Amino acid sequence: MPNRIVVALYVAGVSLLLSAPLQAQSPAADPTPAAATPAAAAQPADTTTTKSLEIDETVVTVPTTLPLRRHRSYFRLTHRFTRDLGATDFGGLSEEFFGLDSGAIIGLEYRFGITSNIQAGVHRSILGKTINIFGKWDAWQQTEGHPFGLSFLPSIEAQNNMQLDPQPGISATLSRSVGSMLVMYASPAYVHNAHTATLKAEHEGHEHAAGEEDTDSTATDTFFVGVGARLRFRPTVSVVAEVSPRLSGYQPGSAAWNAGIEKLTHGHVLQLNFGNNFNSTPGMTARGGNPGQVYMGFNLSRKW
């Protein structure tokens, strides 16, 4: 019942935000704009759009190249309901309030900007009591005259509150803004010990349909590439999509994918998403998604 109330309030809030008229970009009280000063007229127009298109630190789980300003903070809540939306017919699904009566996999994340291009953070998920400690170096932005943005993200995660199965990893993220509506991402990542004896025995919520096993059961590491995009179709509303195919190593099940719609409001990003996984860390993404299953969830992030 608490899940149903929380999600009902969340969906109602998103609906109101999506349907509300957009705020004017300039004051409407004075219909006659003031004459531009010579200094302002001399300023070249900023024709780049990366800053306005990059609105969050992730697509859904795939990282972006959005920097965090020095001494600023970032918080993110990830929430995935455990009910497979395709497991029964519409009647059965509606009886369970479209999965909202089921349990949920929740993650909490905090980041801090050490400098304007270096940040550190920690993420904890109740899935296996996983803690992920990570850093991020935003090497450059597309707006600095480079054809793309580039970031590097080292990390280490482990289950049972950092006491079991440590999994170090490293990834790089490339971003490219196209026009005024689309930004695309590619994030190659390597995770060591994605497959351990403990994970193989317990799976911690990652069982796959029909007992499907990875193609190389002796592999322990995984290399995958997260590919994602954010398409803005209104000034504060975007759709997102991503997929993370594994290219080598341990690769059970199918590649993790997610899609969603999100709303940007004053300091917040509200995202309703659907995918075949509960993933929120690189190690989880390396273990893939559940074939033929779809879960509903949401992300909520805030910068200050």
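If you're wondering where the values come from, they're calculated on a predicted model, not measured in any experiment.

## Re the overall build of the chain
Inference 1: In terms of regular secondary structure, the chain is built from 7 helices and 13 strands.
Inference 2: For the chain, the residues scored as buried account for 43% of the 304 residues in total.
Inference 3: The contacts in the chain between residues at least 6 apart in sequence include a share of 61% that link residues at least 24 apart.
Inference 4: Accessible surface for the chain amounts to roughly 14,600 Å². Of this, 65% is attributable to carbon and sulfur atoms.

## Comments concerning the environment of Leu 153
Inference 1: With respect to the helices, strands and loops of the structure, Leu 153 is situated in strand β5 (residues 149-158).
Inference 2: Along the sequence, Leu 153 and Thr 173 sit 20 residues apart, while their C-alpha atoms lie 8.0 Å from each other.

## Thoughts on the packing of aromatic side chains
Inference 1: In total, this model carries 4 aromatic pairs according to the counting rule given.
Inference 2: With centroids separated by 6.3 Å and ring planes inclined at 45°, the aromatic side chains of Tyr 110 and Trp 304 adopt a geometry described as tilted. Residue Tyr 110 is found in strand β2 (residues 104-113), and its partner Trp 304 is found in the segment after β13 (295-303); the two are separated by 194 residues along the sequence.
Inference 3: Under the relative-accessibility criterion, Tyr 110 is labelled partly exposed at 35%.
Inference 4: Geometrically, the ring pair formed by Phe 278 and Tyr 295 is tilted, given 4.4 Å between the ring centres and 45° between the ring planes. Of this pair, Phe 278 sits in the loop between β12 (268-275) and α7 (282-286) while Tyr 295 sits in strand β13, placing them 17 residues apart in sequence.

## Thoughts on unusual backbone geometry
Peptide bonds are trans in most cases, and residues, glycine excluded, mostly fall at negative phi.
Inference 1: Notably, Lys 129 is not glycine yet its phi reads approximately 50°, a positive angle.
Inference 2: Within the secondary structure, Lys 129 sits in the loop between β3 (118-125) and β4 (130-140).
Inference 3: You can call Lys 129 partly exposed: its relative accessible area is 44%.
Inference 4: For Met 162, which is not glycine, the phi dihedral falls at a positive 70°.
Inference 5: Mapped onto the elements of the fold, Met 162 is located in helix α5 (residues 159-162).
Inference 6: Judged by its relative accessible area of 31%, Met 162 falls in the partly exposed class.

## Some words on the pairing of β13
Inference 1: By the bridge criterion, 7 bridges tie strand β1 (residues 73-81) to β13 in an arrangement that is antiparallel. When the sheet's bridge partners are listed, Arg 76 is paired in β13 with Ser 301.

## Considering the pairing of strand β6 (residues 164-178)
Inference 1: With 9 bridges joining them, β5 and β6 adopt antiparallel strand pairing. Bridge pairing links Leu 150 to Leu 174 in β6.
Inference 2: In this sheet, strand β7 (residues 182-191) lies alongside β6 in antiparallel orientation, the contact comprising 8 bridges. When the bridges of β7 are listed, Leu 174 appears paired with Ala 186.
Inference 3: Linking β6 back to β7 in an antiparallel pair, the connection comprises 3 residues, with Gly 179 at a positive phi of about 65°.

## Some details on the pattern of salt bridges
Inference 1: Within this structure, the stated rule accounts for 6 salt bridges.
Inference 2: Glu 57 is the partner of Lys 136 in a salt bridge, and the nearest nitrogen-oxygen pair spans 3.5 Å. In this pair, Lys 136 is assigned in strand β4 and Glu 57 in the loop between α3 (50-53) and β1, connecting sequence segments 79 residues apart.
Inference 3: The partner of Arg 111 in a salt bridge is Glu 109, and the shortest N-O contact between them spans 2.7 Å.
Inference 4: Overall, the relative accessible area of 4% leaves Arg 111 in the buried class.
Inference 5: The class of Glu 109 is buried, set by a relative accessible area of 3%.
Inference 6: A cluster of three or more residues bridged by salt bridges with shared partners is formed by Glu 57, Arg 76, Glu 109, Arg 111, Lys 136 and Asp 138.

## Focus on the confidence of the model for the chain
Inference 1: For the chain, the average pLDDT comes to 81, and 72% of its residues sit at 70 or higher.
Inference 2: Note that pLDDT drops below 50 for residues 1-49; the model gives that stretch 33 contacts with residues more than four away or on any other chain.
Inference 3: Scored below 50 in pLDDT, residues 204-212 shows 22 contacts in the model against residues more than four places distant or in partner chains.

Cut-offs and rules
- Residues numbered from 1 in each chain as written.
- Predicted model: local features only at pLDDT ≥ 70, side-chain atom pairs only at ≥ 80, totals over all residues.
- Heavy atoms only, no water.
- Helix = DSSP H or I, 4+ residues; strand = E, 2+ residues; numbered from the N terminus.
- Buried < 20%, exposed > 50% of the residue type's maximum accessible area, 1.4 Å probe, protein only.
- Contact = heavy atoms within 4.5 Å.
- Areas by Shrake-Rupley, 256 points an atom, 1.4 Å probe, with all protein chains shown as cover.
- Phe/Tyr/Trp six-rings, centres within 6.5 Å; stacked < 30°, edge-to-face > 60°.
- Pairing = 2+ DSSP bridges.
- Salt bridge = Lys/Arg side-chain N within 4 Å of Asp/Glu carboxyl O.
- pLDDT = per-residue confidence, 0-100.

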